[in-house]
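Spelled out from the first residue to the last, the chains are:
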Amino acid sequence: MSLARSTASRFAKIALGHLTREYPNKLDHVMAGPDDVRSPRDLHPIFFGSLDWHSCVHGYWLLATLLRLRPEMPEADQIIALFDDAFTPEKVAGEVAYLARPESRGFERPYGWAWSLMLQAELLRHERSWAHAHAPLAAAFKARFEAFLPIADYPVRAGTHFNTAFALVLAYEYAEMTNDQAFFELLQNRALVWYGQDAACPAWEPSGDDFLSPALIEAEAMRRLLPRASFELWFPRFLPDLARKQPATLFTPARVSDRSDGKIAHLDGLNLSRAWCWRTLAAAMSEADPAKQPAINAALNHLAAAIPHVSGDYMGEHWLATFALLALENG
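Residues numbered from 1 in each chain as written. Predicted model: local features only at pLDDT ≥ 70, side-chain atom pairs only at ≥ 80, totals over all residues. Heavy atoms only, no water.

Draft legend 1. Seen up close, helix α4 (residues 76-86). Among all positions of α4, only Ala76, Ile79, Ile80, Leu82, Phe83 and Ala86 are buried. The buried residues of α4 occupy one face: seen down the axis, they fall within an arc of 160°. The inward-facing, buried residues of α4 contact α1 (5-16), α3 (53-69), α5 (89-100), α6 (111-123) and α7 (130-148). (Buried < 20%, exposed > 50% of the residue type's maximum accessible area, 1.4 Å probe, protein only. Helix = DSSP H or I, 4+ residues; strand = E, 2+ residues; numbered from the N terminus. Arc of directions from axis to C-beta. Contact = heavy atoms within 4.5 Å.)

And the structure:
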């Protein structure tokens, strides 16, 4: 499970093909009146492509990460030119202005919020002006997390965009990259409130449009946010039978019956995000843990089930390469 240069180039070509493709487009847009009937590009000066706003954000994360990992790939110059054009103070100000609308309070909560912070964490790894330009948008979403998390009494355990554990995982990367201890502690405290007492997870999944494993992404959030000793106590209580490959559904890649159906195509993403979580959780297990090899095997099996389908139909193609890169590199 590693990123070959040819794979990086393939993923870059995919993302470059949709980041500035405005249509088809699925807006998350509340209209207060007829003047709010506007085009995606008019509403969002940067993130108007890739079918929807959040996919466009993480498409930029994908390219930024590929550029850092494989700067020699042929698409590098095209990526740099795209970013130089996109991440300007004027265009970022347009994205921030959209958030200031009263109707935008719930815009992209929490998935798009988290991806914006994840993008900023990656942009900060590049010695260019992009992170400085994008910083006001990231700051706006961080402020939204700071306002929302204290009043969010319950987690959302869906396997889709509303999953709160996934949002914590991505927001953690921003807190770590910016060395923001107060923000980290906010994320950690909310994880403990939401998930600290969970035990014997039945893993009733997948649902028909999952692209996240509610069980495994929760474990991944706790792995990142808890001290190691605390996680080593929590994890065996949460999933006590992994050595026996139970719950069996977590070890079995999901079947994708129709990749032209945008919701069913989510299941390719489920296989990729499970591969990611299995890989990182296995890495946290000791060599003596009998669950380690089953976890490694599950990661490989899920990756093999999904990686051939990253491209082919736009319903998956506009976002799946991001999750493939998570499976291969993020940890």
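Draft legend 2. The nonpolar core, seen in detail. Counting residues in hydrophobic clusters, the biggest one holds 111 residues, and the most contacted among them are Tyr60 and Phe87. Among all residues touching Phe87, those that are not within four sequence positions of it are Ile46, Phe47, Tyr60, Leu119, Leu123, Trp130, Ala133 and His134. (Core = buried A, V, L, I, M, F, W, Y, C linked by side-chain atoms within 4.5 Å.)

Draft legend 3. Seen up close, unusual backbone geometry. Residue Tyr23 is joined to Pro24 through a cis peptide bond whose omega torsion reads 0°. Within the element layout of this structure, Pro24 appears in the loop between α1 and α2 (40-43). Pro110 follows Arg109 through a cis peptide bond whose omega is -10°. Even without being glycine, Ala200 reaches a positive phi, approximately 50°. As for its position among the elements, Ala200 is in the loop between α9 (181-195) and α10 (214-225). At Lys245, a residue that is not glycine, the phi angle is positive and equals roughly 60°. Along the chain, Lys245 falls in the loop between α11 (228-238) and α12 (266-284).

Draft legend 4. View of the environment of Arg274. Secondary-structure assignment places Arg274 in helix α12. In sequence terms Arg274 and Leu300 are 26 residues apart; their C-alpha atoms lie 9.9 Å from each other. Not counting the four nearest positions on each side in its chain, Arg274 is found in contact with Glu205, Pro206, Ser213, Leu216, Thr249, Leu250, Thr252 and His302. A distance of 2.9 Å separates the side chain of Arg274 from the backbone oxygen of Thr249, its partner in a polar contact. (Polar contact = N/O pair within 3.5 Å; in protein donor to acceptor, adjacent residues only side chain to side chain.)

Draft legend 5. Main features of the pattern of salt bridges. In the structure shown here, the tally under the stated rule is 22 salt bridges. Between Arg274 and Glu205 there is a salt bridge; the shortest N-O distance is 3.0 Å. Here Arg274 is found in helix α12, whereas its partner Glu205 is found in the loop between α9 and α10, with 69 residues between them in sequence. Residue Arg274 shares its accessibility class with Glu205, and that shared class is buried. Arg223 is the partner of Glu220 in a salt bridge, and the nearest nitrogen-oxygen pair spans 2.8 Å. (Salt bridge = Lys/Arg side-chain N within 4 Å of Asp/Glu carboxyl O.)

Draft legend 6. Spotlight on the environment of Arg228. Among the structural elements, Arg228 can be located in helix α11. Judged by its relative accessible area of 54%, Arg228 falls in the exposed class. In this structure the C-alpha to C-alpha distance between Arg228 and Ala284, which are 56 residues apart in sequence, comes to 8.8 Å. Within polar-contact distance, the side chain of Arg228 engages the backbone oxygen of Ala284 at 3.1 Å.

Draft legend 7. Region of interest: the packing of aromatic side chains. Applying the stated criterion across every chain yields a total of 30 aromatic pairs. What links up through ring pairs into an aromatic cluster is the set Phe47, Trp53, Tyr60, Phe83, Phe87, Tyr98, Phe107, Trp130 and Phe141. The ring centre of Tyr314 lies 3.9 Å from the NZ or CZ of Arg21, which sits over that ring. Sitting over the face of the ring of Phe183, Lys142 holds its NZ or CZ atom 5.8 Å from the ring centroid. (Phe/Tyr/Trp six-rings, centres within 6.5 Å; stacked < 30°, edge-to-face > 60°. Lys NZ or Arg CZ within 6 Å of the ring centre and 35° of its normal.)

Draft legend 8. The arrangement of the packing of α12 against helix α13 (residues 292-306) in detail. At a closest axis distance of 8 Å, the pairing of α12 and α13 adopts a crossing angle of 155°. It follows from the interaxial angle that α12 and α13 lie roughly antiparallel. Note on packing geometry: the crossing formed by α12 with α13 is left-handed. Between α12 and α13, the residues in contact are Asp268, Asn271, Leu272, Arg274, Ala275, Trp278, Arg279, Ala282 and Ala283 and Lys292, Ala295, Ile296, Ala298, Ala299, His302, Leu303, Ala305 and Ala306, respectively. Partitioning the contact of α12 with α13 into residue classes produces 12 nonpolar, two polar and four charged. (Axes fitted to C-alpha atoms, helices over the stretch in contact; angles between N-to-C directions. Parallel < 35°, antiparallel > 145°, perpendicular 65-115°, else oblique. Left-handed = near helix turned anticlockwise from the far one by under 90°. Nonpolar A, V, L, I, M, F, W, Y, C, P; charged D, E, K, R; others polar.)

Draft legend 9. Molecular detail of the environment of Leu124. Structurally, Leu124 can be placed in the loop between α6 and α7. The spatial distance from the C-alpha of Leu124 to the C-alpha of Leu320 is 24 Å, given a sequence separation of 196 residues. Leaving out residues up to four positions away in the same chain, Leu124 has contacts with Ala131, Met177 and Thr178.

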